[in-house]
Amino acid sequence: MIAFRLPSLGADMDKGTLLEWRVGPGDSVKKGDIVAVVDTTKAAIDVECWHDGTVEALLVEPGVEIPVGTVMAVLREAGETSEQVRAQIDALRAEPVPAAVATVAAGVPSATPPAAAPERRAVSPAARKRAAELRVELERVAGTGPGGAVTLVDVESAAATPQPPPAAPRRAEAMRETIAAAMAHSKREIPHYYLANDVPLAAATAWIAARNATRSVTERLLLAPLLLQAVARALQKYPEFNGFYRDGRFAAAAEVHVGVAIALRGGGLVAPALRDVLHKDLDTVNRELLDLVARTRAGTLRASELSDPTITVTSLGDQGVRTVFPIIYPPQVAIVGFGRVSDRPWAVDGGVQALPVVTASVAADHRVSDGHRGALFLAAVGDGLQRPDELAKGQS
Amino acid sequence: MTRDELRATLLRCLSRIAPEVDVDSIAPAVRLRDQVDLDSVDWLNFLVAVHAELGVDIPDADAARLPTLDSLLDYCGARLGVS
């Protein structure tokens, strides 16, 4: 028997409200399938299942608020019978649920419009494939092809159209409280130290411009993925900035999942993870970043993306600031900031040139590292950015 | 396609990226990124949407020279033969 529990949704979210089930009793699910949509103070989150199995029973009703760790459903493993699993459900139901959680009354805003009654529709194979990739529900797509058929363009425009924001004022208030709680915790508990360093980007920007000159807009590279790769590579040499501080001790993470701080339209902030950046090439990171930003703002994040960033990168350069003084997301132990890339006077071979320069900064946890190591880490980020060719290749 | 239809299409692409924007209030000769909160990811997603809608692939070097709605209209209009 598999007990499907509400997974961790990041350090600052300890509960969620079930919006809808994407599966029902008798459905078989595979590892990675989206099985439920859960609302948090920040966004509606798609929750994946991490086991193969068959749904035996759903234990939570939509509209109910539950703490992280609550058993939401019970799955049958291969070879198990319903009777065997049923016998264990009562014990699971009897598990104590933390007291602080109340049931939310009716009227919980749903971020997802109810699906229309199923009907047979003409859908081009390319559109069906793309819909699966973009996780667009075909029932919600208006078809403009012959006889109302759903075309590739229909799917892509449906994917690009954000869902209506749920109950804005209440969400905004709740999100502010969530951010405040996490940041107050951080500032209270974590002895931050801050370092900053100017990094010339002539090599990096020229490298990107040369590649983009011959690329279609659909394959165009941004600078941000190169910055993320530079941070990930530097973390390999300085692992004390990558991981979690919990229960009085630091545990370095084996992989680098970079949390990307994304400002939400209408206020607020989410920092979902680009997972395993080290083993992805630059085009993959670029594509995933564009997708992550679009999905974050459209409210279709996955639980796994919120649960486990091992470090965060925040780039406020587009807002025109020179230096970011970031605050660590607990239980992480470091956060890297990048300001605006601008042409600045820079000494080269005894002369002065105007070069694109960015100020990179880091806030790190003094319980885990010291400024000396922080300075070496930041220098390694800058060094990496002088060799974009090496950053562009994913490690095997 | 007329210039008005082209304008409507560009604004539709913009409102997909920035749904909070009142597209009627966009000043055509003022930099879009001064009027709308667009970061570099939004801007690229906007160009991708323009490519998908109109088939106009705006090269990186040209995109930097198209900061306003008017300049985008002129550029896409010329590429599509819209007067």
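Model, not experiment: these values are computed from the prediction.

Participant: Is there a simple way to explain the domain arrangement of chain A in this structure?
Facilitator: The parts lose accessible area when they come together, and the size of an interface is often stated as this lost area. Residue and element names in this part refer to chain A. Under the domain assignment, chain A is made up of domain 1 (2-106) and domain 2 (190-391). Each of domain 1 and domain 2 has a C-alpha centre, and the two are 34 Å apart. Opposite the 14 residues of domain 1 that make contact, domain 2 presents 13 residues. Across the domain 1/domain 2 interface, buried area totals approximately 1,000 Å², and carbon plus sulfur atoms make up 61% of it. Taken together, the connections running from domain 1 to domain 2 amount to zero salt bridges. Inspection of the domain 1/domain 2 interface yields four residue pairs in polar contact (both at pLDDT 80 or more). If one sorts the elements of the side of domain 1 that touches domain 2 by residue count, strand β5 (residues 44-48) sits on top with five residues. Within the side of domain 1 that touches domain 2, the residues separate by chemical class into nine nonpolar, two polar and three charged.

Participant: Looking at this structure, I do not really get the packing of helix α7 (residues 282-298) of chain A against helix α3 (residues 40-54) of chain B. What am I missing?
Facilitator: Helices that pack against each other are described as a pair by the angle of their axes relative to one another and the distance between those axes. Following both chains from N to C, one finds α7(A) and α3(B) inclined at 95°, their axes separated by 10 Å at the closest point. Comparing their axes, α3(B) and α7(A) come out roughly perpendicular. Mapping the contact onto sequence places A:Leu289, A:Leu290, A:Val293, A:Ala294 and A:Arg297 in α7(A) and B:Val41, B:Asp42, B:Leu44 and B:Asn45 in α3(B). Counted by class, the contact of α7(A) with α3(B) contains six nonpolar, one polar and two charged residues.

Participant: So what exactly am I meant to see when it comes to the interface of chain A and chain B here?
Facilitator: Between chain A and chain B, the residue contacts involve 18 residues of the former and 21 residues of the latter. Between chain A and chain B lies a buried interface of about 1,800 Å² when both sides are counted; carbon and sulfur atoms form 54% of it. If you sort the residues of chain A by the area they bury against chain B, A:Val217, A:Arg220 and A:Arg265 come out on top, with a joint share of 37%. The tally of links between chain A and chain B comes to two salt bridges. Residues B:Asp42 and A:Arg297 are paired through a salt bridge, measuring 2.4 Å at the closest nitrogen-oxygen approach. Across the chain A-chain B interface, the total number found is six residue pairs in polar contact (both at pLDDT 80 or more).

Participant: Mind showing me how you'd approach the sheet that holds β5(A) here?
Facilitator: Consider a sheet: its strands pair through backbone hydrogen bonds, and that pairing is either parallel or antiparallel. Residue and element names in this part refer to chain A. In space, the five strands of this open sheet follow the order β7-β2-β4-β5-β16, with mixed pairing throughout. With partners counted over all chains shown, the strands left at the sheet margins are β7 (65-67) and β16 (301-302), one partner each. Strand direction decides the pairing type here: β5 and β16, joined by two bridges, are parallel. Within the sheet, the bridge partner assigned to Asp-46 lies in β16 and is Arg-302.

Participant: What should I look at first to understand unusual backbone geometry in this one?
Facilitator: Trans is the prevailing form of peptide bonds, just as negative phi is the prevailing case for residues other than glycine. Residue and element names in this part refer to chain A. In this structure, the amide linkage connecting Pro-330 to the following residue, Pro-331, adopts the cis form with an omega of 5°. If you trace the backbone, Pro-331 turns up in the loop between β17 (311-315) and β18 (334-338). Despite not being glycine, Asp-247 has its phi angle at roughly 50°, a positive value. Secondary-structure assignment places Asp-247 in the loop between β10 (243-246) and β11 (249-252).

Scoring rules and cut-offs
Residues numbered from 1 in each chain as written. Chains lettered and ligands numbered in written order. Predicted model: local features only at pLDDT ≥ 70, side-chain atom pairs only at ≥ 80, totals over all residues. Heavy atoms only, no water. Domains from an automatic or database assignment. Contact = heavy atoms within 4.5 Å. Buried area = accessible area lost by both parts, 1.4 Å probe. Salt bridge = Lys/Arg side-chain N within 4 Å of Asp/Glu carboxyl O. Polar contact = N/O pair within 3.5 Å; in protein donor to acceptor, adjacent residues only side chain to side chain. Helix = DSSP H or I, 4+ residues; strand = E, 2+ residues; numbered from the N terminus. Nonpolar A, V, L, I, M, F, W, Y, C, P; charged D, E, K, R; others polar. Axes fitted to C-alpha atoms, helices over the stretch in contact; angles between N-to-C directions. Parallel < 35°, antiparallel > 145°, perpendicular 65-115°, else oblique. Pairing = 2+ DSSP bridges.

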